Structures are given as C-alpha cells and as structure tokens.
Amino acid sequence: MELFPSDAVFTPDVSWVALWPMVVMALGGLLLLTISSLGKGRIPRPFYALWAVLTSVGSFITAIPLWAQVHGWEDAVLWYDPEVDPTGPFSTVGGVIAADGFSVFLTMLIAVSMVAVVLVIEAYLDREQDRFPEMFALTMFAALGGMVMVSANDLIVLLLGLETLSVAAYVLAAMDLRRVQSQEAGFKYFVLGAFSSAFFLYGIAFIYGATGGTGLVHITDFLAANVLLGSSGLMLLLGLGLLIVGFAFKVALVPFHSWSPDVYDGTPSPLVTFMSSVVKVAAFAGMLRVLVMAFESAGADWRPVIQGLAVLSLVGGALGAIVQSNVKRLLAYSSISHAGFILLGVEAASDVGTAAVVIYLTAYSALVIGSFTVVTLVARSGDRLHTLTDYQGLGRTSPLVAGLFTFFLLAQAGVPFTAGFYAKFSAVIAAVDAGTAWLAAVAMLSAVIAAYLYLRLVVTMWFVDPAAETDTSHVGVPAAAGIALAGCAAAVLWIGIFPNTLTDWAERSVPAVVQPAPPNLVESGDEADADVEFEVGPDGMPGMPGPMPGEMDFGELDLESLGIDPAELEAMLEGGDLGFDVDVEFEDPPG
Amino acid sequence: MRQIDLGYLMLSGLVFAIGAVGVLIRRNPLVLVMCVELMLNAVNLTFVTFGRAMNDMAGQVIVFFVLVIAAAEVVVGLGIIVAMKRRQPAATADDVSVLRG
C-alpha cells in the first residue's frame, strides 16, 4: 500500500534569489544572439560590448541580494530589504544548487572578471575591424556554465556546468579564422576536453555506484555514516581517481597539461584572458567543493594524490616556462605553476585552505587578465607578435604598456605589496597549517625558479635593444582595454596593500553542507486538515522520488486534495508496516 | 541492493578502454570524435547498470543528460573539424602540428 497516489507530483523547492545571476547571464547571451541575427550587421559593434558589460553588471547586482541572504542584511552593500530575513547558506532546486558564501563570492568574481574580459575583447575587435558578436555571446554562455559550476551541489549539475563552459570555450579557441593555429587550438582543446569529460563522467558513474547518489550532500552523509569495504570501496576509489584526472585535465595540472600551452598560443589573445581567469575559477571551485566538502572523510585517499599533482605542477610549470621563447606559452606554463599553488589550498582540506584558494583565485584573475590584456595589445594587428623578440625594447617605445606588464609580472612573481605575494603567502600558510610544511617549501622553491622567467621578460622589455625584425611602433592603449588594465592594476594593488577586506570575505566563503529542502507537495492553506512530519529511513519511502533520508516536515497538508483518505492513512499508521516513521496530527481525527 | 551485473560493467569498461586507446592512437579527426562517443556511451551503460542494481531511476535519467552533452560536443567538434578541413583538406591529427605540443 502506498501513501501517496501514483500521480502525485513533487516539485522541487526553487529559490529564484539564488538563480537570478545565472538567469540574467543566460538571457543576456540569448538576447544578444537574437539581436545580432535580426540586426544583420546594421548594429554597431560597441552596442554588443555595452550589452555584454551591462549583462555582467546585472548578474553581479542580482548576486547582491543572494549575498545578503547568505551573510546577513547588514553586510549587503547596495541592497536593503528588511522584509526578508537572512537564512544563512541554503540549497535550492531539490538541493542541486548550493547558495553559500563560496558560491556567492565566486559568482560575483566571475561577473566582475567578465566585465574586464568583455572590454578587452571589444578593444581587440575594434583593432582587427572584425564583427563577432558571437564572441561576446559565447563568453557569456561560458560564464553561465562557470556560475553553475561554482554553485553545483550535485555531480551531474557540476558536469552540466562544466560542459556549458567547455563547449563554448572550444568554439572561442577556434574563433580566429585567419590563423590556422586558432583552429588547431580549438581542435586540440575539443579532443582533450571531451576526453577528460569522459573520464570525469566515468568517475561520477562509479561514485554513483558506490554511494547510490550523485548529490554532494548525499555523498557527504553517506561517507560519514558508512565505511566502504571490498568492491564498493574500490569503486569509490576508482571513481574518485577518475574524477581527479578529469579535473586535472580541465585546470591543466602536470602531467595533464600538454594541451594548455598550445591552446593558449593558438587562441585569440583576448579570449585567453577568459580561459585563464573564469575557466580556472570555475574548475577549481568545482574541484574544491567535490574534494574538500563531499569527500572530506576520504581525505586520506585523495590528499596524497593532490600533493603529488601540486609538486609536479609547481616544478613542471616553472621549469617548462624557462625554455619558452613565446610569451603566450611562457605565461601558459606560469599559469600551470600558479595552479600548483592553488592546489596547496585544496590539499589543506580546511577552512584556512578554502579561504586561501578563494584569495588566490581572486588575485590570480586580476593578474592574469591584466597580463594577457598587455599581450593582446603588444600582438598588434593580426594578433601575431608573441615572441620574446617582439618584446625587446618595449620599455623605450611604449613605456606605459611595458610598465604595466612589468607590474603584473612582478606581482605574479610574488613581490610584496602586490596581490601575488599575498595570494602565495595565504597558500603557503594553509599548507603549513595542514601539516604539509614540506609542500610549502617546494612551493617557495618553485616560486624562486618562476621569478627567473618573469624577470627575464622584464629584462627583455627594458634592457635589451630591439632586434632588426622587431616591430618598434608605439603600442597604444585603447579606452576599453585601458579601463580593464586600470581595474586589474587597482585590484592587484588593493589586495596587496589592504588584504584584510578580501581575507574577511574569503574566510566566510566556505562551502556549506546544507540538507535539501523537502519537495513541495501542496501549498499549505486554510484547508489543511493534518500536520504531517515524516522521518524517513535510509531506503527512502514508497512513492517518493529517490532515496531521501532524514526528516521531512511537510507542514500542514490538505489530505483530501492529495487523494489521501484520512481513514486509510489512520489505518496504515495503526498497521505500522510503512517502512518509515510518520507523525501525523489530525485536526479532525477520523472515526 | 540487488547484485550488480559484473558482465555489463566489464563490457562498459572494455568499450571505454577501446574509446580511450582510440583517441590516443588514431589519426583521423572524425574517428577521434567517434572514439569520444564510444567513451561516453560506455559511461551510459555503467550508469544504467548501477541504476538497475540499486533499483534507482536516477541512473537512467542521467543517461539522457549525457546523451545531450555528447550531442552538443559532437556538433561543436564537427564544426571545428570543418573549419580546419577548409584550410587543409587532407588534415589528419598529425598535420595539426603548427603548434608544438
């Protein structure tokens, strides 16, 4: 006998506050595509850039009420609505989307990064006299995928976000139709991206087989309550390993990094700002939430793996960069080395580590967007001048651009009073705090090696006379790129000199394990005639979708409208063979 | 939990391995895309096997998500291959070598 009629519909609890940033980004991208198709080239290009900037700003603004709801209203910057109480971290849409400090902060970071990225793309398109409104639309869709990833509380939703992000990024990489390297980069990115997605997905399948679900909260609870032995334990380890391989491909960790220098080299330079900021933020956020939150109790299994990847990436990235003569490839290896530093925070598997990851991602986004904006400008028309020779004597011909690049490079090297120093400092502290001082020592050693390559670039710009084939024309800074550069430089200085504000935010940006809200069965109303509270066992309950252990309070229900006969329910309760505990208070006891 | 049917798991593992090895050793871009498809479909079989063993519908629902993802990836992949082939009609994965890697 089933309690609920077979046609009863359970609808998940949807909190639109948590979804608005994504909805704005998605609608903005779709409308931009629609307008550009209808306009057929009659609309001037700056309109699309303005549209994309406004969408990103709108996405940021809609994240403010969410921030306020998670952290409390007195912290809201612009928005104040005393009608709504802060609820703290919560999850929505049946528990697959998390709204906690971590997701809100990184959603805002993605929105802000998007503004800078769009400005750089606009400067690039203006120089190349190209019309590619698709470039803006695709970055917006990719940013949407990133926002889904930072909020994903279910492995399948994480995968959907990852694919939204990646599929758009494959096209972005192949976007420059004049350079054959660009299509090559797109193809390589596609093959390796799809390859790694398959590993990632296979990992999810085994975790599903071992734990019986894909929800991160479900996995957390399951692993906390059960010790998996024998074949189940093996399946869990296999799944975890495949998942880590998938992540390692996506964030380009040694030895899964070989695609990254090629893709950075071939991709149009302004889009590399996007790939190295938003894509990394989203992938590391997903990695951190899965490993540190869901697999916290399996830390002994995955921490050594992450430590190994961190050492390889730190050293491999720094050493690989030394032999490069192409600035984009050099920066690609440097970003591999940075990824190693971020792994220090992941590996720590603590709140300190999570805060370090958030600080590092914020600082790194500003640094890398700034650096690749300079690369975009120096590449001149056609996006072709990327070798070290092309940077010779830049300090004399274009002191402003060379000065900014020097500043960003020194910050990446970790010079004090810049964001780079503070980010590296946080990561090292997190590693020491987690008892892996040896890893911190390796990281500092690799930072010394990496400093050499940044200094080499600086010396090339200021102290080497231009070769005969070097283009010595002045590199101007268009207004759009200038705004992006100024913003990045200001952020780097601000984080470096006044790190307290960011630290304060980062320390509250911790993923939270929040039990999903019960599904809505019926609106509570005047007709309610029973107060129903279930306590469901580990096997779920008959008639309910999926296993959903824990307590559920359905509140006041109108039994008649659900097709439940109160007398029948009473008889079932008397029988006591329901398989779960149920506590019903009838307002008007039957019989 | 019902007994997991090991045969299906082994079959999916085998198909996944064939796909993975194919991506690593084949040259034709189209065959690369087909190999990725093999890998994704092997994962689908794994999901259905586990879903059946646990008597849980979620395993089969996930397969639909994976199918959509695979379709989207192939559309983009084929688009990139067409753009590449237009420039170099005889391109194989070995010719994609302007970039050292």
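Residues numbered from 1 in each chain as written. Chains lettered and ligands numbered in written order. Predicted model: local features only at pLDDT ≥ 70, side-chain atom pairs only at ≥ 80, totals over all residues.

**Observations regarding the overall build of chain A**
In terms of regular secondary structure, chain A is built from 21 helices and five strands. Here chain A holds 591 residues, and the buried ones make up 56% of them. Across chain A, the fraction of contacts at a sequence separation of at least 24, relative to all contacts at a separation of at least 6, is 78%. (Helix = DSSP H or I, 4+ residues; strand = E, 2+ residues; numbered from the N terminus. Buried ≥ 20, exposed ≤ 12 C-beta atoms within 10 Å, placed from the backbone. Contact = placed C-beta atoms within 7 Å.)

**Description of the environment of Val120 of chain A**
Residues and elements named next belong to chain A. Structurally, Val120 can be placed in helix H3 (residues 101-128). Judged by local crowding, Val120 falls into the buried class, with 28 C-beta atoms found within 10 Å. Residues Val120 and Pro270, spaced 150 residues apart in sequence, show a C-alpha to C-alpha distance of 5.8 Å. Beyond its immediate chain neighbours, meaning those up to four positions away, Val120 contacts Pro270, Thr273, Thr373, Thr376, Ala481 and Ala484.

**Some details on helix H1 (residues 16-39) of chain A**
Residue and element names in this part refer to chain A. Over its 24 residues, H1 runs 32 Å from end to end, which matches the ideal 34 Å to within 8%, given 1.5 Å per residue. Most pronounced at Met22, the bend in H1 amounts to some 30°. Turning to H1, its buried residues are Ala18, Leu19, Pro21, Met22, Val24, Met25, Ala26, Gly28, Gly29, Leu32 and Ser36. Where H1 ends, the next residue or the one after it, Lys40, has phi of about 45°, a positive value. (Expected span 1.5 Å × (residues − 1). Bend = angle between axes of the 7 residues up to and from the residue.)

**Some points on the confidence of the model for chain B**
Residues of chain B with pLDDT of at least 70 account for 85%, and the chain-wide mean is 85. Reported confidence for the predicted complex is 0.92 by ipTM and 0.87 by pTM. (pLDDT = per-residue confidence, 0-100.)

**Things to note about the interface of chain B and chain A**
Interface size is commonly expressed as the accessible area that is lost once the parts come together. Taken together, the contacts link 32 residues of chain B with 32 residues of chain A. Elements supplying a minimum of two residues to the side of chain B that touches chain A: helix H1 (6-25), helix H2 (29-53) and helix H3 (58-87) of chain B. Per-element accounting of the side of chain B that touches chain A gives the leading share, 15 residues, to H3 of chain B. Among the residues forming the side of chain B that touches chain A, the class breakdown is 25 nonpolar, four polar and three charged. (Nonpolar A, V, L, I, M, F, W, Y, C, P; charged D, E, K, R; others polar.)

**Some words on the nonpolar core**
Among the nonpolar cores identified, the biggest contains 231 residues, and Leu344, Tyr360 and Ala427 of chain A together with Val43 of chain B are the most heavily contacted of them. Excluding residues within four positions of it along the chain, Val43 of chain B makes contact with Ala198, Leu201, Tyr202 and Ala205 of chain A together with Phe16 and Val66 of chain B. (Core = buried A, V, L, I, M, F, W, Y, C linked by C-beta atoms within 7 Å.)

**Points about the packing of H3 of chain A against helix H10 (residues 269-294) of chain A**
Residues and elements named next belong to chain A. Running from N to C, H3 and H10 point in directions that differ by 170°, and their axes come no closer than 8 Å. The pairing of H3 with H10 is recorded here as roughly antiparallel in orientation. Of H10, the residues touching H3 (which contributes Leu106, Leu109, Ile110, Ser113, Met114, Val117, Val120, Ile121 and Tyr124) are Ser269, Pro270, Thr273, Phe274, Ser277, Val278, Val281 and Ala285. Within the contact of H3 with H10, the residues separate by chemical class into 13 nonpolar, four polar and no charged. (Axes fitted to C-alpha atoms, helices over the stretch in contact; angles between N-to-C directions. Parallel < 35°, antiparallel > 145°, perpendicular 65-115°, else oblique.)

**Comments concerning the confidence of the model for chain A**
Residues and elements named next belong to chain A. Averaged over all residues, the pLDDT of chain A is 84; the fraction at 70 or higher stands at 84%. Counting interchain partners and residues more than four positions distant, the pLDDT-below-50 stretch residues 522-528 has eleven contacts. Counted against residues more than four places away or in other chains, residues 545-550, with its pLDDT under 50, gives 15 contacts.

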